[in-house]
2 protein chains.
Amino acid sequence: MKKVFVSDRLLEIPDSPIRKLAPFATAAQKQGITVLKLNIGDPDIKTPQVMLDQLTHWVKNPISYSASQGQPEFLKALEQYYHQLGFSYLKQNNIQITTGGSEAISLALFSICNPDDEVLVFEPFYANYQSFSVQNHVHLVPITTFGHNGFHLPPKKEILSHLTSRTKAILLCNPNNPTGTVFTKTEMDTIFSLAKEFNLFVISDEVYREFVYDGRKHISILEYMPKFPRQSILLDSLSKRYSLCGARLGTLVSLNPDLMTGVLRIARGRLSSGLVDQLMASKLTEVNENYFTAIINEYQTRRDVIFSGLSQIPGVYLTNPEGAFYLVVRLPVHDAEHFCKWLLTDFSYQDTTVMLAPAAGFYLTPDLGKNEVRIAYVINQDDLKKAILIISQALLKYQQLFPL
Amino acid sequence: MKKVFVSDRLLEIPDSPIRKLAPFATAAQKQGITVLKLNIGDPDIKTPQVMLDQLTHWVKNPISYSASQGQPEFLKALEQYYHQLGFSYLKQNNIQITTGGSEAISLALFSICNPDDEVLVFEPFYANYQSFSVQNHVHLVPITTFGHNGFHLPPKKEILSHLTSRTKAILLCNPNNPTGTVFTKTEMDTIFSLAKEFNLFVISDEVYREFVYDGRKHISILEYMPKFPRQSILLDSLSKRYSLCGARLGTLVSLNPDLMTGVLRIARGRLSSGLVDQLMASKLTEVNENYFTAIINEYQTRRDVIFSGLSQIPGVYLTNPEGAFYLVVRLPVHDAEHFCKWLLTDFSYQDTTVMLAPAAGFYLTPDLGKNEVRIAYVINQDDLKKAILIISQALLKYQQLFPL
């Protein structure tokens, strides 16, 4: 028997449901097939020009380390951003710049959990939470939410039933990736009543904060933070808000001084986030308000296109997402991962196919989400309509080949 | 009693000896004092212009995710770099791009160790190894090296005596940070004979590969890798070689397919390294050979300046470093950390002072390195001479205030 020469824990890291089909997409593209990518939240919306001007006008040389907490200009800009949102109690020392929202997730889990501690999370959830949990020896405890009520939270007693002596936190993504759910004030109140009663942390991932539709108001953890200064952690990212996915910038925000001191010690150990990215992003205060209005309108229109389009396909089940730019859709197939792969390896319509993310990887409970996919509406409306047509044509053919 | 509302393990993360005095330096600067920074390996050498041109000619918009393994142009350039070094067996799938050498260290420790496994390391060692070990629940087992023989390795039987059933790897930095030691072929052979006999991994951090002086030849782990394909891991970084510290780009290189597959799963979970940084660094193949000749000559001359200058200060003990741009110096003080802090808070000479890194943080064995500092010769020769003068003046005054 050949010895596997790696650690046991490395083998437990799940593959990304968002990225694991990438080699099949590349292969399809090499055969001349256009692949419409609805699998990943990598928006086509332009990065603000004022940020790109930082690159084209670059003079600093050498490209030296930034400060471990964050480049001063960028910290200042973020402080101003949070103040403009109405949370003027936040100071720069409550903000740690992270290398993508990804690093913020990992830092939060490490900093509040000891090995084998538990964190409650509502499934389907952002798949990479599980990767960071395995890396940090934390157990995510999934509480299932369902499409029939728009993936909103279950009653408090259902959440309560998952609490154990090892539960350290409730982790929430709001607006939610992958479901597009925007949690209400009542839901947030419930979360914090649990936090108060059981001394739990609340970690709120608000990467999609601005992307709420139909006149909804986003209820941020920042509204609760002053009352729960030691227990509230905000995770944030610049990636979606300014179409800066490739700039790898996020933030961890907390009023807990022990947490922030510890997080900074970790941050010093990894030296700094990228200097160029931070100086580019520090121009966020100069981004015109119209930039947001325009992109939020655009996403809402796309949401309408995809919702109405998919709703008309027989056997497809979905509810209208309230925010972010994702939705979870139930398909009339046995195995959505097989279907997603088949779309890339065996199907095209007018030399085009679509790439979707199988949703099972967004659930921890075995067998859930097997007939669901996550769709990111990050391509333009024409391509989105084309994608809907391709999905409907593909399902017709797939159901003949692999009947339910 | 106030409850500390963080995890126990967060409290175990050591502070960086390189960066923890930074607030005192900032305070000194605010009082109009010039601080010559010899504490951190953040070179003043210019980044190659061909790389900066990538910024000033930037057109790509939006700034989207890069590939999780690495941006294709950058992977290709790195493959070419390793081929030019003479290791043409390396292919792109043996290379994982990391966000700084920092991420590569962490990935390596996670991927080969289970919790509580041990890794042998020669102290003094790069302090941040300990931060990443705590984060990954790995125990570093220090084997002390000494200035009197240039911090070269102890005899094989001494290394052997630290092996336990939990030892998974030997971690080496070559050329060494903080000592400047360049390990010989005999030393590397010893390491690999241990690896063979006890089925250990060898992790070689070769961030300073090109920086070897006096005609020495660097012996890379890449010379052993084909014979030890499952056990050899190279850690690398672009930061020092191209003065790109702020670009946060490193690599993990291995021929172990299980390791590379697992590492890529982790990499997908954190999405990608920075797009702009990678496209900038992908121009490394266009950097003129003269760039290296010039900077290596410059560092060697600085090494000569600092060695001869410090050697003349009474009570200061050092050996001539062989590579990298660091050295560990014993000072005639009880507590080098107190001296380093005092330099920033209480001393200046002609309105100038120096920032040094206390060396105790580069040792794990308690009480070692207390009268040592690490010096990075990353400032120009004139400033270096000024720094030596300041250190000598400061020691005179400090010894009066705090006699040995």
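Keep in mind the model is a prediction, meaning the values are calculated, not measured. (Residues numbered from 1 in each chain as written. Chains lettered and ligands numbered in written order. Predicted model: local features only at pLDDT ≥ 70, side-chain atom pairs only at ≥ 80, totals over all residues. Heavy atoms only, no water.)

1. A look at the overall build of chain A
Quick reminder of the rule: Only DSSP runs of H or I with at least four residues qualify as helices, and only runs of E with at least two residues qualify as strands; both kinds are numbered from the N terminus onward. Under the scheme applied here, a residue whose accessible area is under 20% of the maximum for its type counts as buried, over 50% as exposed, and between as partly exposed, the area being computed with a 1.4 Å probe on protein chains only. What makes two residues a contact is simply this: any of their non-hydrogen atoms within 4.5 Å.
Scanning chain A from N- to C-terminus turns up 13 helices and twelve strands. The dimensions of chain A, computed from C-alpha atoms along their principal axes, are 60 × 55 × 55 Å. Within chain A, the proportion of its 404 residues that are buried is 64%. Restricting to contacts in chain A with at least 6 residues of sequence separation, those with at least 24 account for 77%.

2. Some remarks on the pairing of strand E4 (residues 139–144) of chain B
Note the threshold: The criterion for strand pairing is that DSSP finds at least two bridges linking the strands in question.
Pairing between strand E3 (residues 118–123) of chain B and E4 of chain B: six bridges, direction parallel. In the sheet register, Glu123 of chain B faces E4 of chain B, and the bridge partner there is Thr144 of chain B.

3. Focus: unusual backbone geometry
Geometrically, the link from Asn61 of chain A to Pro62 of chain A is a cis peptide bond, its omega value of 5° lying close to zero. Even without being glycine, Arg248 of chain A reaches a positive phi, approximately 50°. With respect to the helices, strands and loops of the structure, Arg248 of chain A is situated in the loop between strand E7 (232–237) and strand E8 (250–253). We note that Gln350 of chain B has phi near 50°; this positive angle belongs to a residue other than glycine. Relative to the assigned elements, Gln350 of chain B resides in the loop between helix H12 (336–345) and strand E10 (352–355).

4. Some words on the environment of Val202 of chain B
Residues and elements named next belong to chain B. Structurally, Val202 can be placed in strand E6 (residues 201–205). Residues Val202 and Phe228, 26 residues apart in the sequence, show an inter-C-alpha distance of 9.1 Å. Setting aside residues no more than four positions away along its own chain, Val202 makes contact with Ile170, Ile191, Phe192, Ala195, Ile221, Gln231, Ser232 and Ile233.

5. Looking at the relation of the copies chain B and chain A
Put simply, the rule is: Least-squares superposition aligns the copies on the C-alpha atoms of those residues with pLDDT at or above 70 in both.
Laying chain B over chain A is done by rotating through 180° and shifting 0.0 Å along the axis; what remains is an RMSD of 0.0 Å. As the rotation angle and translation indicate, the two copies are arranged about a two-fold axis. Of every C-alpha in chain B, the one belonging to Thr56 of chain B sits nearest the axis of rotation, 1.9 Å from it. A shared interface surface links the copies, since 100% of the contact residues of chain B are contact residues in chain A too.

6. Things to note about the sheet that holds E3 of chain B
Residues and elements named next belong to chain B. Keep this limit in mind: In this description, a line fitted to the C-alpha atoms serves as the axis of each element, helices being fitted only across the stretch in contact, and the angle between N-to-C directions of two axes falls anywhere from 0 to 180 degrees.
Taken together, the seven strands give an open sheet; going across it, the order is E2-E8-E7-E6-E5-E3-E4, and neighbouring strands pair in mixed fashion. The sheet terminates laterally at strand E2 (95–98) and E4, the two strands that pair on one side only. Averaged over all pairs of adjacent strands, the angle between their axes in this sheet comes to 25°, without regard to strand direction. Of the strand pairs in this sheet, strand E7 (residues 232–237) and strand E8 (residues 250–253) are connected by four bridges, and their pairing is antiparallel.

7. Some details on the pattern of salt bridges
Pairing of side chains with opposite charge becomes possible as their charged atoms draw close. Under the convention used in this document: The term salt bridge refers to a side-chain nitrogen of Lys or Arg lying within 4 Å of a carboxyl oxygen of Asp or Glu.
Applying the stated rule across the entire model yields 42 salt bridges over all chains. Asp214 of chain B is the salt-bridge partner of Arg303 of chain B, the closest N and O atoms lying 2.7 Å from each other. In this pair, Arg303 of chain B sits in helix H11 (residues 289–311) while Asp214 of chain B sits in the loop between E6 and E7, placing the two residues 89 residues apart along the sequence. Via salt bridges that share partners, Glu206, Arg209, Glu210, Asp236 and Arg241 of chain A belong to a single interconnected network.

8. Some words on the pairing of E8 of chain B
All names here are of chain B. Residues Gly250 and Leu252 point to one face of E8 and Thr251 and Val253 to the other, with burial holding for every one of them. Taken together, the four bridges between E2 and E8 define a ladder with antiparallel strand orientation. Looking across to E8, one finds that Ile97 is bridged to Thr251.

9. Description of the state of the cysteines
Residue and element names in this part refer to chain A. So the rule is basically this: We call a pair of cysteine sulfur atoms a disulfide whenever their separation is within 2.5 Å.
If you walk through the whole model with that rule in mind, you get zero disulfides over all chains. Cysteine Cys173 shares no disulfide, and the gap to the nearest cysteine sulfur, in Cys245, comes to 14 Å. For Cys173, a relative accessible area of 4% translates into the label buried.

10. What to know about the packing of aromatic side chains
What counts, and what does not: Stacked, tilted and edge-to-face are the three classes applied to pairs of Phe, Tyr and Trp rings, where Trp contributes its six-membered ring and a pair requires centres within 6.5 Å; stacked means planes under 30 degrees apart, edge-to-face means over 60, and tilted covers the rest. The criterion for a charge sitting over a ring is simple: Lys NZ or Arg CZ within 6 Å of the ring centre, and within 35 degrees of the ring normal.
Taken as a whole and judged by the stated rule, the model has 40 aromatic pairs over all chains. Seen from their ring centres, Phe211 of chain B and Tyr299 of chain B are 5.2 Å apart, and the 70° between their planes marks the pair as edge-to-face. Placement of the pair is Phe211 of chain B in the loop between E6 and E7 and Tyr299 of chain B in helix H11, with a sequence separation of 88 residues. Seen from the ring of Tyr65 of chain A, Arg19 of chain B lies directly overhead, with NZ or CZ sitting 5.3 Å from the centre.

11. Considering the environment of Lys185 of chain A
Mapped onto the elements of the fold, Lys185 of chain A is located in helix H8 (residues 185–198). Leaving out residues up to four positions away in the same chain, Lys185 of chain A has contacts with Ile219 and Tyr224 of chain A.

12. What about the sheet that holds strand E2 (residues 95–98) of chain A?
Residue and element names in this part refer to chain A. Pairing is mixed across the open sheet formed by seven strands, whose spatial order is E2-E8-E7-E6-E5-E3-E4. On the outer flanks of this sheet lie E2 and strand E4 (139–144), each paired with one strand and no other. Across the sheet, the axes of successive neighbouring strands diverge by a mean angle of 25°, strand direction being ignored. Each of E2, E7 and E8 touches helix H4 (residues 72–84); the most contacted strand, E2, lies at about 120° to it. Against the sheet, helix H9 (residues 257–269) engages E2, E7 and E8, with an angle of about 30° to E2.

13. A short note on the interface of chain B and chain A
The test is simple: What gets called buried area is simply the loss in accessible area from a 1.4 Å probe that two parts show on being joined, summed for both. Here a polar contact is taken to be a pair of N or O atoms separated by no more than 3.5 Å, where protein atoms must pair a possible hydrogen donor with a possible acceptor and residues adjacent in sequence count only if both atoms sit in side chains. Side-chain classes follow a simple rule in which Ala, Val, Leu, Ile, Met, Phe, Trp, Tyr, Cys and Pro form the nonpolar group, Asp, Glu, Lys and Arg form the charged group, and the remainder, Gly included, forms the polar group.
If you look at the interface, chain B gives 86 residues, while chain A gives 86 residues. Approximately 6800 Å² of surface area, both sides summed, lies buried where chain B meets chain A, with 56% of it carried by carbon and sulfur atoms. At the surface where chain B touches chain A, the tally comes to two salt bridges. Here Arg268 of chain A ties to Asp15 of chain B by a salt bridge, and the two come within 3.0 Å at their closest N and O atoms. The interface formed by chain B and chain A holds 54 residue pairs in polar contact (both at pLDDT 80 or more) in total. Put simply, the parts of the chain that give the side of chain B that touches chain A at least two residues each are helix H1 (8–12), helix H3 (49–56), helix H5 (100–112), helix H6 (128–135), helix H9 (257–269) and helix H10 (275–281) of chain B. For the side of chain B that touches chain A, the element with the highest residue contribution is H9 of chain B, accounting for eight residues. Within the side of chain B that touches chain A, the residues separate by chemical class into 38 nonpolar, 29 polar and 19 charged.

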